[in-house]
Amino acid sequence: MTIRGKYALITGGSRGIGRGIALKLAESGLNVAINYYRNEAAAKDTLAKVRALGSNGFIVQADVCHPEEISRMFRQVKDEFGALDIFVSNARTEAPTFYQPTMEITLDKWDTAVDSQAKAFLVGVREASGIMREGGRVIAITYAPGGRFGSWQPWVAMGAAKSALEVLCRYFAVALASRGITVNALSPGWIEDSVLNSLPEPVQKTIHEWHEGGWTPMGRLGTPADIGNAVTLLCSEEAGWITGQTIAVDGGASLMDGALPLEIQQSTPQRAKTAA
Ligand SMILES: NC(=O)c1ccc[n+]([C@@H]2O[C@H](COP(=O)([O-])OP(=O)(O)OC[C@H]3O[C@@H](n4cnc5c(N)ncnc54)[C@H](OP(=O)(O)O)[C@@H]3O)[C@@H](O)[C@H]2O)c1
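Rules behind the numbers
Residues numbered from 1 in each chain as written. Predicted model: local features only at pLDDT ≥ 70, side-chain atom pairs only at ≥ 80, totals over all residues. Helix = DSSP H or I, 4+ residues; strand = E, 2+ residues; numbered from the N terminus. Rg over C-alpha atoms; globule rule 2.2 N^0.38 Å. Buried ≥ 20, exposed ≤ 12 C-beta atoms within 10 Å, placed from the backbone. Contact = placed C-beta atoms within 7 Å. Pairing = 2+ DSSP bridges. Right-handed = clockwise from strand over helix to strand, strands pointing away. Axes fitted to C-alpha atoms, helices over the stretch in contact; angles between N-to-C directions. Near = placed C-beta within 6 Å. Nonpolar A, V, L, I, M, F, W, Y, C, P; charged D, E, K, R; others polar. Core = buried A, V, L, I, M, F, W, Y, C linked by C-beta atoms within 7 Å. Parallel < 35°, antiparallel > 145°, perpendicular 65-115°, else oblique. Left-handed = near helix turned anticlockwise from the far one by under 90°.

K.L.:
An account of the overall build of the chain is requested, with residue identities and associated values reported.
P.N.:
Secondary structure assignment for the chain yields 10 helices and seven strands. In summary, the chain has a C-alpha radius of gyration of 19 Å against a globular reference of 19 Å for 276 residues, a match within 12%. For the chain, the C-alpha atoms occupy an extent of roughly 60 × 50 × 35 Å along the three principal directions. Burial analysis of the chain (276 residues in total) assigns 44% to the buried set. Taking the intrachain contacts of the chain between residues at least 6 apart in sequence as the baseline, contacts between residues at least 24 apart amount to 75%.

Here it is in structure tokens:
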């Protein structure tokens, strides 16, 4: 698949990581449909940036928690583009809608997490499949550590919902393989210019120091552009044999072992000896 001139839809494409993906795909010459929920100004701004890069597209409002709105969004994509090549499921509701500890979480918060991730993906991929051309790409943006560990108690609903999303990728990968459509999940580490900016200043500072201090081996947080680059790679023709995978895009953060102090993990006597 030559990427230039293809058609992409990104849910939650107006801000944060979604915007990074939209701009990187636009840089590669794709037409981009930018889904948003409430912040029309941000969506328009992203579309203007897409156009400034020489690509085109449109904005489409829809709440991915509601299947009928997802269906309406895909009808609009069909009307505007006629077909689809890339579907990126990236939207996630604001933290207060799902963020509550395990023993307290209300069922409506649980439902919001699952509806916005697993159910939205189930409905979205089936809708996408109806208009997607051979060799298309489906990419889910997950946060895999939240589904593997149990320590971040208020993340329980989103951790479970993201896990279900990753499982769905594997099932859809098999279901769509005969059409040459790949289905993968990308798992970013902590990213600048995203939901991070909505956290209290001291929390942002702690997260920066933690990662820059060594818990991300590459020594920095990721950027929306880093994730946009990873999506663009998966969209290339050369990535056509990669399917059903959950791929960390995190500068090595997922390689660190939380059971060991950092100074023990980072002691490198071998390297020190060689250098001497
Ligand atoms: N940020 C990180 O460090 C990080 C790390 C790992 C994984 N992720 C994942 O990356 C994705 C994007 O995260 P982010 O931090 O970039 O998010 P963000 O900056 O909070 O942006 C969220 C986007 O989703 C849209 N949205 C919110 N609720 C929606 C709904 N009900 N229906 C449709 N769209 C909705 C927003 O639209 P409006 O502008 O209209 O509100 C916005 O475009 C999420 O799936 C998240 O779990 C993020």
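Back to the text.
K.L.:
Tell me about the pairing of strand β1 (residues 7–10), residues and numbers included.
P.N.:
Of the two faces of β1, the one holding Tyr7 and Leu9 and the one holding Ala8 and Ile10 are both buried throughout. Of the pairings in the sheet, the one linking β1 to strand β2 (residues 31–36) comprises four bridges and is parallel in character. Bridge pairing in β2 places Leu9 opposite Ala33. This β-α-β element, β1 to helix α1 (residues 16–27) to β2, shows right-handed connectivity.

K.L.:
Please set out the sheet that holds strand β4 (residues 84–89) residue by residue, giving values where relevant.
P.N.:
If you walk across this open sheet you meet the seven strands as β3-β2-β1-β4-β5-β6-β7, and the pairing is parallel. Where the open sheet ends on each side, the last strands, each with one partner, are β3 (57–61) and β7 (246–249). Each neighbouring strand pair of the sheet contributes to a mean axis angle of 20°, computed without reference to strand direction. Sheet strands in contact with helix α4 (residues 107–131) are β4 and β5 (132–141), and its direction is about 175° off that of β4.

K.L.:
Outline the site of the ligand, listing residues and values.
P.N.:
What surrounds the ligand is a group of 29 residues, the closest being Gly12, Gly16, Asn39, Ser194 and Val195. Counting residues per element, the ones that place at least two in the shell around the ligand are α1 and β2. Partitioned by chemical class, the residues of the shell around the ligand number 14 nonpolar, 11 polar and four charged.

K.L.:
Give a detailed account of the nonpolar core, specifying residues and quantitative values.
P.N.:
Core analysis: the largest hydrophobic core is formed by 67 residues, its most contacted members being Ala8, Ala22, Val32, Ile34, Phe87, Val88 and Val231. The element that contributes the greatest number of residues to this core is helix α6 (residues 156–176), accounting for eight residues. Look past the residues within four positions of Val88 in its chain and what remains in contact with it is Ala8, Ile10, Thr11, Ile21, Ile139, Ile141 and Val231.

K.L.:
How would you summarise the packing of α4 against α6 if you had to cite specific residues and measurements?
P.N.:
Helices that pack against each other are described as a pair by the angle of their axes relative to one another and the distance between those axes. Closest axis-to-axis distance for the α4/α6 pair is 8 Å, and the angle between their directions is 15°. Compared by their axis directions, α4 and α6 come out roughly parallel. Where α4 crosses over α6, the handedness of that crossing is right-handed. On the side of α4, the interface is formed by Lys109, Trp110, Ala113, Val114, Gln117, Ala118, Phe121, Leu122, Val125 and Ser129, while α6 contributes Ala157, Met158, Ala161, Lys162, Ala164, Leu165, Leu168, Phe172 and Leu176. Partitioned by chemical class, the residues of the contact of α4 with α6 number 15 nonpolar, two polar and two charged.

K.L.:
Can you break down the environment of Pro202 residue by residue, with the values?
P.N.:
Structurally, the position occupied by Pro202 is in helix α7 (residues 201–215). On the basis of neighbour counts, which here come to 8 C-beta atoms within 10 Å, the residue Pro202 falls in the exposed class. Put simply, Pro202 and Gly150 are 52 residues apart on the chain and 24 Å apart in space, counted from C-alpha to C-alpha.

K.L.:
Give a description of the pairing of β4 that names residues and reports values.
P.N.:
Sheet faces and side chains relate simply in a regular strand, where the side chains alternate between the two faces. Buried residues dominate β4, accounting for six of its six residues. As paired strands, β1 and β4 are joined by three bridges and run parallel to one another. Each residue of the ladder has a partner; that of Ile10, found in β4, is Val88. Here five bridges tie β4 to β5, and the two strands are oriented parallel to one another. Considered in β5, the bridge of Phe87 is made with Val138. Regarding topology, α4 serves as the crossover connection from β4 to the parallel β5, and that connection is right-handed.

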